[in-house]
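Descriptive structure summary
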Amino acid sequence: MSQRKERRGIHVDQSELHCNKGCGYYGNAAWQGLCSKCWREEYQRARQKQIQEDWALAEKLQREEEVAYASIQGAQSQPQPQASLAPFSKFEEKKTNEKTRKVTTVKKFFSPSSRTAPKKENQEGKTPSPSISRQSSIETDRVSRDFVDFLKTLHKPGREVHKQSRAFIEIMANKKDLSADELSECVQDFYQNLSDRLMTHFKGSSERVERVMDEVEKYIMTRLYKSVFCPETTDDEEKDLATQNRIRALHWVDIQMLCVPVDEEIPEVSDNVVKAITDVIEMDSKRVPRDKLACITRCSKHIFSAIKITKSEPASADDFLPTLIYIVLKANPPRLQSNIQYITRFCNPSRLMTGEDGYYFTNLCCAVAFIEKLDAQSLNLDPEDFERYMSGQASPRRPEADSGWPQVDPPTGSAASSPALSQVYQNLDLLSGLGSRQDRVLEGVQSLQRDLITWQESVEREVQEILEKYPLEIRLPTPSAIDSDNVENDRLPPPLTPQVFAG
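W252, V253, L258, I327 and L379 are the most contacted members of the largest nonpolar core, which totals 52 residues. Elements with a minimum of two residues in this core: helix 8 (255-258), helix 9 (267-282), helix 10 (289-311), helix 11 (317-331), helix 12 (336-346), helix 14 (355-372) and helix 15 (383-391). M172, L183, V209 and F229 belong to the second-largest nonpolar core, a separate cluster that totals 30 residues.

The next point concerns the packing of helix 7 (residues 236-249) against helix 12. Direction vectors running N to C along helix 7 and helix 12 enclose 135°, while the axes themselves pass 7 Å from each other. As far as their axial angle goes, helix 12 and helix 7 are oblique. Listed contacts from helix 12 to D236, E237, K239, D240 and T243 of helix 7 are L336, Q337, S338, Q341 and R345. Across the contact of helix 7 with helix 12, the residue classes tally to one nonpolar, four polar and five charged.

Counted by the stated rule, this structure contains 13 aromatic pairs. A ring pair is formed by Y225 and F229, whose centres lie 5.0 Å apart and whose planes are at 20°; its orientation type is stacked. Taking relative accessible area as the criterion, Y225 reaches 10% and is therefore assigned buried. By way of ring pairs, the aromatic residues Y225, F229, Y342 and F346 are connected into one cluster.

With that settled, consider the packing of helix 4 (residues 156-173) against helix 6 (residues 206-228). For the pair helix 4 and helix 6, interaxial distance at closest approach is 10 Å and the crossing angle is 25°. Taken together, the axes of helix 4 and helix 6 lie roughly parallel to each other. Both helix 4 and helix 6 take part in a crossing whose hand is right-handed. For the pair formed by helix 4 and helix 6, the contact residues are V161, S165, R166, F168, I169 and M172 on the first element and V216, Y219, I220, R223 and L224 on the second. Looking at side-chain class alone, the contact of helix 4 with helix 6 contains eight nonpolar, one polar and two charged residues.

Turning our eyes to something else, we now look at helix 5 (residues 180-201). Spanning 22 residues, helix 5 covers 32 Å between terminal C-alpha atoms, matching the ideal 32 Å at 1.5 Å per step. Where helix 5 terminates, the next one or two residues include K203, which has phi positive at roughly 60°.

A separate point is the environment of C259. Structurally, the position occupied by C259 is in the loop between helix 8 and helix 9. With 64 residues separating them in the primary sequence, C259 and T323 have C-alpha atoms 8.4 Å apart.

Bringing unusual backbone geometry into the picture now. One non-glycine residue, C259, adopts positive backbone phi at about 55°. Since its relative accessible area comes to 29%, C259 is described here as partly exposed. Within the chain, N380 stands out as a residue other than glycine whose phi angle is a positive 60°. Looking at the element boundaries, N380 is found in the loop between helix 14 and helix 15. N380 gets classed as buried once you look at its relative accessible area, which sits at 1%.

The next thing to look at is a nonpolar patch on the surface. Taken together, the side chains of W455, V459, V463 and L467 define a hydrophobic patch exposed on the protein surface, amounting to about 390 Å² of accessible area. Note on V463: relative accessible area 43%, which makes it partly exposed.

Glancing now at the state of the cysteines. Inspection of the entire model under this criterion finds zero disulfides. C295 takes part in no disulfide bond, and the closest cysteine sulfur, belonging to C299, lies 9.2 Å away. Free cysteine: C366, not disulfide-bonded; nearest cysteine sulfur from C365 at 7.0 Å. For C366, a relative accessible area of 23% gives the class partly exposed.

Quick look at the environment of K152 now. Following the sequence through the fold, K152 ends up in helix 3 (residues 130-152). Among the residues examined, K152 registers a relative accessible area of 55% and is labelled exposed. Put simply, K152 and H162 are 10 residues apart on the chain and 9.8 Å apart in space, counted from C-alpha to C-alpha.

Conventions we followed
Residues numbered from 1 in each chain as written. Predicted model: local features only at pLDDT ≥ 70, side-chain atom pairs only at ≥ 80, totals over all residues. Heavy atoms only, no water. Core = buried A, V, L, I, M, F, W, Y, C linked by side-chain atoms within 4.5 Å. Buried < 20%, exposed > 50% of the residue type's maximum accessible area, 1.4 Å probe, protein only. Helix = DSSP H or I, 4+ residues; strand = E, 2+ residues; numbered from the N terminus. Axes fitted to C-alpha atoms, helices over the stretch in contact; angles between N-to-C directions. Parallel < 35°, antiparallel > 145°, perpendicular 65-115°, else oblique. Contact = heavy atoms within 4.5 Å. Nonpolar A, V, L, I, M, F, W, Y, C, P; charged D, E, K, R; others polar. Phe/Tyr/Trp six-rings, centres within 6.5 Å; stacked < 30°, edge-to-face > 60°. Left-handed = near helix turned anticlockwise from the far one by under 90°. Expected span 1.5 Å × (residues − 1). Patch = residues over 30% accessible without salt bridge, like charges linked within 9 Å, V, L, I, M, F, W, Y side chains within 5 Å. Areas by Shrake-Rupley, 256 points an atom, 1.4 Å probe, with all protein chains shown as cover. Salt bridge = Lys/Arg side-chain N within 4 Å of Asp/Glu carboxyl O. Disulfide = S-S within 2.5 Å.

Structure follows, in structure tokens:
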């Protein structure tokens, strides 16, 4: 395996983490590098353009329908060609009705009346197991009680917030045919409208508004979690499987390849690494986007602590991202893409644009993107070796089968002072000794096998010689009566003879 002497490491400029439009907020790969604010503006602009195009198409189809209707009326006024034009007129009428029905559906979707709750339909889909349903029901009831208790401290605005939240949940429960982006747009619109109203009530107190919005998010997303997390209208599940298989294929990547400044031989560092892995795995068990973000934040802080203990100095951004990639590779979190998309779609946008939560979440998105595009150049490996490692034909941690035991030199310098490296070299020496002993045992086994074969042949030869010299004769015994040897047979009475009586 050929490697370059100079290792580049993983470097990401901090400017790459911000919005591409230069607004100063953190961007997101799911939003094409934009922050939530700029993405919503772009989305609403594209949506408005689509609505205008749909209205233009509706007007065009309506004009075509009027022209077709006028031509049909003109054809009906002429008695002769009426029979020949009837089939074509029916075909045009059917085609026009189908186009009109599609446009009417589009109009209804974008019209204000679509925001009202339609009639409730029968719920379809998979029925969850009773234990999961019971657990989610308990958690939902607990969150609802906590939300009501919190709103009681707000008095009048609390009642209004509770009323608006319950109405919004009922509306969302009936919008099962919307896509994930449309569901996200509805939730974000509700966040924005409620935040603006609270900002007016609290007279610009952003801290109180943020606290209320956190409770609103917790209440709403706990109630809507099952219907909006990894919906069937998206390919989130396929992305989860692809990412999970990708991480499994990269199981051979180690700390040295990623240039991770962490020494897991230090007990405190090892504890922080384990806690970071636990936190990023625990993210999937949370329902509220804010709680999932909290898991990412705790994981990142454990990473910074591990780097600080190892280097005896504060960690930098160039140290953090490679370590985060290493943690993700070791943890292989369940449903990673679905959790990222869930946070992106339904989290309070202020948390993703600024603050440590937004910074750590943006780095996690960068880490996942790096893993998806990881190649030989990123790890300073030869492309052929990289492909062999990915296919499982070889592993950098295991020597080749025909290469023999590795020949190592005794440790010198800093390696000699490291207990871990000294133990490694001692283990390699023991392996070399075991290899030579195994060879001697194999030679002894082969010698014993040859001796056994020779002994078996000699025994067979001796037995054959004895049989030829002393052939075996079998004499059959002479048959005789049982009492032939009894000398007093003459004194025995004669045997009884049967007698026949006449009937």
